[in-house]
Amino acid sequence: MVGAGYVGLVSGACLADFGHEIVCIDKDAAKIAALREGQAPIYEPGLSELVVANQRAGRLAFAADIAEGMRGAQAVFIAVGTPTLAGDGAADMRYVFQAAREIADAIDSFVVVVNKSTSPIGTCDTIERLIGERVAKDRFAVVSNPEFLREGAAIDDFKQPDRVVVGVEDEAARLVMREIYRPLERNGSPIVYTTRRTAELVKYAANVFLAMKVTFINEIADLCEKVGGDVMDVAHGVGLDKRIGRRFLNPGPGFGGSCFPKDTLALTKLAIDARSPMRLVETLVDVNDKRKVAMAGKIVRACGGSVKGKRIAVLGLTYKPNTDDMRDAPSLVILPLLQQAGATIVAFDPEGATQAAKLLPGVEFANGPYACLEGADALVVVTEWDAFRALDLARIKAALREPVVIDLRNIYPQSAMRAMGFKYVGIGRGA
Ligand SMILES: NC(=O)c1ccc[n+]([C@@H]2O[C@H](COP(=O)([O-])OP(=O)(O)OC[C@H]3O[C@@H](n4cnc5c(N)ncnc54)[C@H](O)[C@@H]3O)[C@@H](O)[C@H]2O)c1
């Protein structure tokens, strides 16, 4: 498994847990050293325990060097980052292609090279060409196997996936992939075999569709605020329709994270390059970007039109709960705008503070939710960690200097909050 990040480490640990022998390889030597000591470099529920148990059982090892990690391997997965290339929104493929070259130099017997990184259509063809420049064609085959796990629920998602998608055009490689995913097949998970290009497209289509659902309900929320109506009931009423489904209809401050922002941009770019522009996707990128900025304005309005000199308490910084991942988190747009408008920000996040501190200069960090609120002029909920849902509302009110709550995730009951004397502003909850 080349790349021991959110995807590589979780996939490696889960495949080891199924009984396979796995080596997770990462060029970040410090990460590998920590993993060898049993320390997971990221926060993901259940991951540390899984890593340690499989390491002790001798099924999971770590290496900083590809040749060392690949020795005797039947398959090698590429699970490295594909961030946005500065400029035009395309996926930056340099890590994938570099990994492919390093893999080529380490091939000692027939190996299946499996690309798990989310990559533009045609990437497997390029990987095949790059490796083929260094290694005889009968010593490797390239497969696309995009990953659909969600951070925060990654282990369950990997072990009980809605489906596994395998793009494979070589019979020997197909047999190896079947063997790798046999435990999941036995458990009844659908395994979709298709061509490599189709598999690559499935991943983008799935992620962008989910991003579209989120963006759609966000626009319905805005409409609710203008015309009256409660977006939570709209989402419930709409989501009960089995053709639509309730999931990903939660209004909020706009999507962020390590996947949706970059994958929507990458699909937009590759569709333009293919002369088949996707206007729906282009629009949702624009709507979502503007939404994060608009959230700062919403907070300022709720604070009486100015936050100059005010102390704003923020609960939750990561792009979603149960992760420490700060990549493209809405907080990274909203908080600096409030600071520019003259606010002092004090924040609390259960797992994200270390990452957040590097990205949010000038933000004070509290060591608990109530300490965060103490003496603040307003509370803003940015990320809906479970630990914030049942906070003592009376204690919140007592701690705040002004009882102003801007709840960007609708985790508190609007009528009860208002009855208690809060100035409560949620998302899409009536005119
Ligand atoms: N994070 C998610 O929730 C998620 C879900 C599904 C798919 N994906 C996709 O999976 C891919 C990986 O994402 P991630 O979040 O795990 O990234 P990540 O940044 O957490 O991890 C990537 C790791 O690869 C290592 N690496 C890079 N080049 C290397 C090389 N040549 N040799 C060895 N190690 C190398 C880096 O040091 C890093 O530790 C991306 O394409 C992403 O879009 C991510």
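As a reminder, the structure under discussion sits directly above these lines.
Residues numbered from 1 in each chain as written. Predicted model: local features only at pLDDT ≥ 70, side-chain atom pairs only at ≥ 80, totals over all residues. Heavy atoms only, no water.

**Focus: the overall build of the protein**
- Looking only at helices and strands, one finds 19 helices and 13 strands in the protein.
- Against the compact-globule benchmark of 22 Å for 431 residues, the protein has a radius of gyration of 23 Å, which places it among compact chains.
- If one aligns the C-alpha atoms of the protein with their principal axes, the spans along those axes are about 70 × 50 × 40 Å.
- Within the span of the protein, comprising 431 residues, buried residues form 52% of the whole.
- Across the protein, the fraction of contacts at a sequence separation of at least 24, relative to all contacts at a separation of at least 6, is 72%.
- Charge separation in the protein, taken as the distance between the mean sites of 52 positive and 53 negative side-chain charges, equals 4 Å. (Helix = DSSP H or I, 4+ residues; strand = E, 2+ residues; numbered from the N terminus. Rg over C-alpha atoms; globule rule 2.2 N^0.38 Å. Buried < 20%, exposed > 50% of the residue type's maximum accessible area, 1.4 Å probe, protein only. Contact = heavy atoms within 4.5 Å. Lys, Arg positive; Asp, Glu negative; His and termini not counted. Charge placed at Lys NZ, Arg CZ, Asp CG, Glu CD.)

**Let's talk about helix H3 (residues 47-56)**
- Those residues of H3 that sit buried are Leu 47, Leu 50, Val 51, Val 52 and Asn 54.
- Those residues of H3 hidden inside the fold are in contact with helix H1 (6-17), helix H2 (29-36), strand S2 (60-63) and helix H7 (154-159).
- With its phi angle positive at about 80 degrees, Gly 58 sits one or two positions after the end of H3.

**What to know about the site of the ligand**
- Of all residues adjacent to the ligand, which total 25 residues, the nearest are Asp 26, Lys 31, Thr 82, Glu 151 and Lys 262.
- Lys 27 places a main-chain nitrogen or oxygen 3.2 Å from a nitrogen atom of the ligand.
- The protein chains hide 91% of the 840 Å² of surface that the ligand would expose on its own.
- Within the residue set of the shell around the ligand, elements represented by two or more residues are H1 and helix H5 (94-106).
- Classifying every residue of the shell around the ligand gives nine nonpolar, seven polar and nine charged. (Near = heavy atom within 4 Å. Polar contact = N/O pair within 3.5 Å; in protein donor to acceptor, adjacent residues only side chain to side chain. Areas by Shrake-Rupley, 256 points an atom, 1.4 Å probe, with all protein chains shown as cover. Nonpolar A, V, L, I, M, F, W, Y, C, P; charged D, E, K, R; others polar.)

**Some words on the layout of surface pockets**
- Size it by volume and the second largest pocket reaches roughly 500 Å³.
- Glu 21, Ile 22, Ala 73, Gln 74 and Ala 75 are, among the 19 residues lining the second largest pocket, the residues nearest its centre.
- Looking at the lining of the second largest pocket, the elements with two or more residues in it are strand S1 (22-25), helix H4 (66-70), strand S3 (75-78) and helix H8 (171-180).
- Partitioned by chemical class, the residues of the lining of the second largest pocket number twelve nonpolar, four polar and three charged. (1 Å grid on protein atoms, 1.4 Å probe; cavity = no way out; pocket = protein on both sides within 12 Å on 5 of 7 lines; lining within 4 Å. Points joined across faces, edges and corners; volume = space filled by probe spheres on them.)

**Overview of the pairing of strand S5 (residues 140-144)**
- With five of five residues buried, S5 lies mostly within the body of the structure.
- Traced from strand S4 (residues 111-115) through helix H6 (residues 123-132) to S5, the parallel crossover comes out right-handed. (Right-handed = clockwise from strand over helix to strand, strands pointing away.)

**Some remarks on empty space enclosed by the protein**
- A complete count under the given rule lists one cavity of 30 Å³ or more for this structure.
- Counted as a void, the largest cavity has a volume near 50 Å³.
- The wall of the largest cavity is formed by Asn 115, Ser 117, Thr 118, Ser 119, Cys 124, Ser 144, Pro 146, Glu 200 and Lys 203.
- Tallied by class, residues from the lining of the largest cavity come to two nonpolar, five polar and two charged.

**Observations regarding the side chain of Ser 119**
- Relative to the assigned elements, Ser 119 resides in the loop between S4 and H6.
- Polar contacts involving the side chain of Ser 119 include one to the side chain of Asn 115, which spans 2.9 Å.
- At 2.9 Å, the side chain of Ser 119 forms a polar contact with the backbone oxygen of Ser 117.
- Among all residues touching Ser 119, those that are not within four sequence positions of it are Thr 82, Met 93, Val 96, Glu 200 and Tyr 204.

**Some details on the packing of helix H10 (residues 196-227) against helix H11 (residues 231-239)**
- In the contact formed by H10 and H11, the axes pass within 9 Å of each other and the chain directions differ by 135 degrees. On the basis of their axis angle, the class for H10 and H11 is oblique. The two elements H10 and H11 meet at a crossing, and its hand is right-handed. Contacts from Ile 217, Ile 220, Ala 221 and Cys 224 in H10 reach Val 231, Val 234 and Ala 235 in H11.
- Looking at the contact of H10 with H11, its residues break down into seven nonpolar, no polar and no charged. (Axes fitted to C-alpha atoms, helices over the stretch in contact; angles between N-to-C directions. Parallel < 35°, antiparallel > 145°, perpendicular 65-115°, else oblique. Left-handed = near helix turned anticlockwise from the far one by under 90°.)

**A look at the side chain of Lys 213**
- Examined against the element boundaries, Lys 213 turns out to sit in helix H10.
- In terms of polar contacts, Lys 213 uses its side chain to reach the backbone carbonyl oxygen of Gly 245, at 3.2 Å.
- Once you skip the residues sitting within four places of it in the chain, Lys 213 turns out to touch Ile 244, Gly 245, Arg 247, Phe 248 and Leu 249.

**Focus on the pattern of salt bridges**
- Here the structure, examined in full by the defined rule, presents 26 salt bridges.
- Residues Lys 269 and Asp 88 are paired through a salt bridge, measuring 3.6 Å at the closest nitrogen-oxygen approach. Separated by 181 residues along the polypeptide, Lys 269 in helix H12 (residues 260-273) and Asp 88 in the loop between S3 and H5 bring together distant segments of the chain.
- Linking Arg 311 and Glu 364 is a salt bridge whose minimum nitrogen-to-oxygen distance equals 3.2 Å. Pair noted here: Arg 311 is in strand S8 (residues 311-315) and Glu 364 is in strand S10 (residues 364-365), with a separation of 53 residues, a long-range link.
- Residue classification places Glu 364 among the partly exposed positions, given a relative accessible area of 35%. (Salt bridge = Lys/Arg side-chain N within 4 Å of Asp/Glu carboxyl O.)

**Structural notes on the packing of H12 against helix H13 (residues 279-302)**
- Two numbers describe how H12 lies on H13: the axes approach to 9 Å, and their chain directions differ by 145 degrees. For H12 against H13, the interelement crossing comes out left-handed. Contacts between H12 and H13 involve Thr 264, Leu 265, Leu 267, Thr 268 and Ile 272 from the first element and Val 281, Glu 282, Leu 284 and Val 285 from the second.
- Broken down by class, the residue content of the contact of H12 with H13 amounts to six nonpolar, two polar and one charged.

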